[in-house]
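Residue-level listing of the chains:
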Amino acid sequence: MINIEIDGKQIAVEKGSTVMDAAKKVGVYIPHFCYHKKLSIAANCRMCLVEVEKAPKPLPACATPVAEGMKVSTHSQTAVTAQKGVMEFLLINHPLDCPICDQGGECQLQDLAVGYGESGSRYIEAKRSVTNKNLGPLISTDMTRCIHCTRCVRFGQEIAGIMELGMAGRGEHAEILTFVGKTVDSELSGNVIDLCPVGALVSKPFRYTARTWELSRRKSISPHTGLGSNLVVQVKNNRVMRVLPRENEAVNECWLSDKDRFSYEGLNSEDRLTTPMIRKSGEWQTCDWEEALTYTAEGIKDAIDQHGVKSIGALGSAHSTVEELYLLRKLMHDLGSFNIDHRIRQSDFGADAVLKGIPWLGTQIADILQQKAILVVGSTLRKDHPLLAQRMRQAAKQGMQLSVINPIDDELLIPVAHKNIVAPSAMLDAVLQVLKAASEIKNVFVPEQIASAVQQINVSKQAKEIATSLIEHSPATVFLGNLAQHHPRYTDLLQAVQALSEITGAKFGVLGEAANSVGAYFAGMVPWNVAVDNSNSKESGLNAGQMLGWSSSDAVPSCKTYILLNIEPELDCYDAQQALKTLHSAEFVVALSSYKGKIPDYADVILPISPFTETSGTFINTEGRIQSFQGVVSPRGETRPAWKILRVLGNMLQVDGFEYDSPEEVRTEVIPEEQEFISNLDNSLSTLSTIEKSNLENGVIERIGEIPIYQADPIVRRAESLQKTHDAVSPVAFASTHLLTRLGIAANEVVKIKQQNETVQLTIFADDKLPDNCVRLACAHPQTSRLGAMFGEIELEKL
């Protein structure tokens, strides 16, 4: 520790700290523009000049390291004169357009000009002007306002991992520019809006819609990714106008992904449902809530009378709250059915019977920075988990070795030490190679059930390198990503990773897809009893694949009635084609949804539910953190929170224990005590089963079905600005040049793509980073939803 004095206050600070760090510790504010606690030191705005005893001139507080016995004055005549001089120069070319500037009222330059500037300017010459730049559909520019703090440039290089903005020119002619013909396309790009201390970079969707002093600020939690990012939702006239990050170092730090920031536009979509609807005599008609709920209750009672309670299935979404999922599960259990599930993008449910606890991240989010080696199996990190990828990027800067096993070789903007890009059918083999290499290095035996599969494989160079990395660098973690969880051999991947974890000493975890990925399990939205179930029954029901038909051995699924909560099966399911076929053949379908979409094609009742901004609830994120929130606006039209609808439905079906008056009462029942994290988090399997060889024939063309970042859930799909970004372009197919040549197909031409007796016509491009015999084709998009499963056999034909 080093002892210094700031404005007469004695303080001890760590060696290597700056004067700015020390001042913050004692609560002394030093004006600044270019300094930001998460970015490197630039010291180019000079606004933080302070007087240091014995120094010949004022020094920048952000870049001056402390020294023993240093005496600093932040408000002396010398410091104040220096700060006023800097402010005068900053304002020389700045336009006087505060009345029309979106930053007005929350502008750092405005505030500091009042606090540290003069009342008038001595500058009478002509001001310079700078041409505005097109940065894309999310960021609007007024570059004449720019003061060249370079926060946006440093953010791209250091946090987002890509230099999309840079500064060209010198002195008065310096400008912040993109590369020629390029826009800012990072999935974290919206953070530069928060970082800009002036109005040079502002939100394009929000621009000219409201003034900051007109907005109410309310706390919330994002439902879109497994992180559960903390939000500040800004509201005007009962409408969400803007979303900003709420700082939480343990979760999202001070950042937001663009998905979390701009998806609020979907809340005001024209596709929003506002009135209950029922189908009578094949015709849709609007009705009041009493009629809709009576019709729903009678339809469920008729289904029970005709086919028994086991004919009813319920499917929910991990984007729904714990309270909503718990009430749906409670309703189904009390009726006598265990046919409930939220894992509608999962294809392999073999691990259900042997799961020890609730699948989770396997470590705390904040601890990712301390990892020395990470292996990610089946994930395009940047798009699936933007802020977790950012944490890994920072860890890599500190020496963490990242290894990847994946069928897609997209640029992660993180230094990748080792990677093995293989076809989906070869992913398990790639993990087993790492397992075998680790067992040979450690000279230990692999579990008996896996031994026969391991003995038959040859260890590649990449596998040895990955195994060595996990063994020699501790702490280490293995993560199973979204693509691995959707994989037809997810159980075997989980078994192999568990065995690898035991041999190498690394932790292993599952990267949750949605903000309630752990909470959905905890609420009991799975076809067996979990932590919150107090009954003694051990009965299990049908999982999502069995209910909708893609993992059922029956030609026709046994469910005749379905209750759908906050899902769009045509876009949210592992096999959308089979899901729609099943729902079309069902006798009665109840859809609780915020959006109309294609629901009228297969539903019999549509009940409009409130999105997360119009209801209170709780999300339990991928690390098991419990985060509750309140509604920020009133429900739109006749929309009602899903927990209220399920409560009334429970009463109408004469189910006991549905006398809740608030979501807090439901939460207390699910989570009896005030706590920050839940227990019962365990990725381990109690027993391992024999791993069989892949049954795909040689030469079969495989589909790699990924979920595009802005097609992941109903709200994001309807956010207009996000749908204009580079990541939301209409889907096209990709295949290696070798495969295209073998099939006689030229790159950049339209081809016929066939899967499970359905065809689409799309342009195909060459991507030689893909494995041979694979076609990369996105799911969850209207243009590809007619096709079948995310993985499996696919055919290409020339037109």
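Residues numbered from 1 in each chain as written. Predicted model: local features only at pLDDT ≥ 70, side-chain atom pairs only at ≥ 80, totals over all residues. Heavy atoms only, no water.

The name given to the protein in an unreviewed UniProt entry is NADH-quinone oxidoreductase, with Nitrosomonas stercoris as the source organism. As recorded by UniProt, the Catalytic activity (unreviewed entry) comment attached to the protein reads in full: "a quinone + NADH + 5 H(+)(in) = a quinol + NAD(+) + 4 H(+)(out)". The heading Function (unreviewed entry) in the UniProt record of the protein holds the text "NDH-1 shuttles electrons from NADH, via FMN and iron-sulfur (Fe-S) centers, to quinones in the respiratory chain. Couples the redox reaction to proton translocation (for every two electrons transferred, four hydrogen ions are translocated across the cytoplasmic membrane), and thus conserves the redox energy in a proton gradient." (UniProt positions renumbered as here; feature names shortened; annotations may be inferred.)

Draft legend 1. Here's a closer look at the pattern of salt bridges. If you walk through the whole model with that rule in mind, you get 37 salt bridges. We note a salt bridge from E214 to K236, for which the minimum N-O separation is 3.2 Å. With E214 in the loop between β9 (201-203) and β10 (216-221) and K236 in strand β11 (residues 230-236), the pair connects residues that are 22 residues apart, well separated along the chain. Assessed through its relative accessible area of 36%, E214 is described here as partly exposed. (Salt bridge = Lys/Arg side-chain N within 4 Å of Asp/Glu carboxyl O. Helix = DSSP H or I, 4+ residues; strand = E, 2+ residues; numbered from the N terminus. Buried < 20%, exposed > 50% of the residue type's maximum accessible area, 1.4 Å probe, protein only.)

Draft legend 2. Region of interest: the layout of surface pockets. Of the voids in this model, the largest pocket is the one considered here, and its volume is about 980 Å³. Along the wall of the largest pocket there are 35 residues; nearest its centre are K383, D410, H726, D727 and R776. Among the elements that line the lining of the largest pocket, the one with the most residues is helix α9 (residues 381-384), at three residues. Tallied by class, the residues present in the lining of the largest pocket amount to 14 nonpolar, seven polar and 14 charged. Inspection of the lining of the largest pocket shows a minimum of three residues originating in each of domain 3 (365-510) and domain 4 (702-798). Its volume calculated, the second largest pocket comes out at about 770 Å³. Around the second largest pocket, the lining comprises 30 residues; the ones closest to its centre are I193, D194, L195, L244 and P245. Counting only elements with at least two residues in the lining of the second largest pocket, the list comes to α3 (108-116), α5 (191-195), β9, β11, β12 (239-245) and α6 (258-262). If one sorts the elements of the lining of the second largest pocket by residue count, β12 sits on top with four residues. In the lining of the second largest pocket, the residues fall into 14 nonpolar, five polar and 11 charged. (1 Å grid on protein atoms, 1.4 Å probe; cavity = no way out; pocket = protein on both sides within 12 Å on 5 of 7 lines; lining within 4 Å. Points joined across faces, edges and corners; volume = space filled by probe spheres on them. Nonpolar A, V, L, I, M, F, W, Y, C, P; charged D, E, K, R; others polar. Domains from an automatic or database assignment.)

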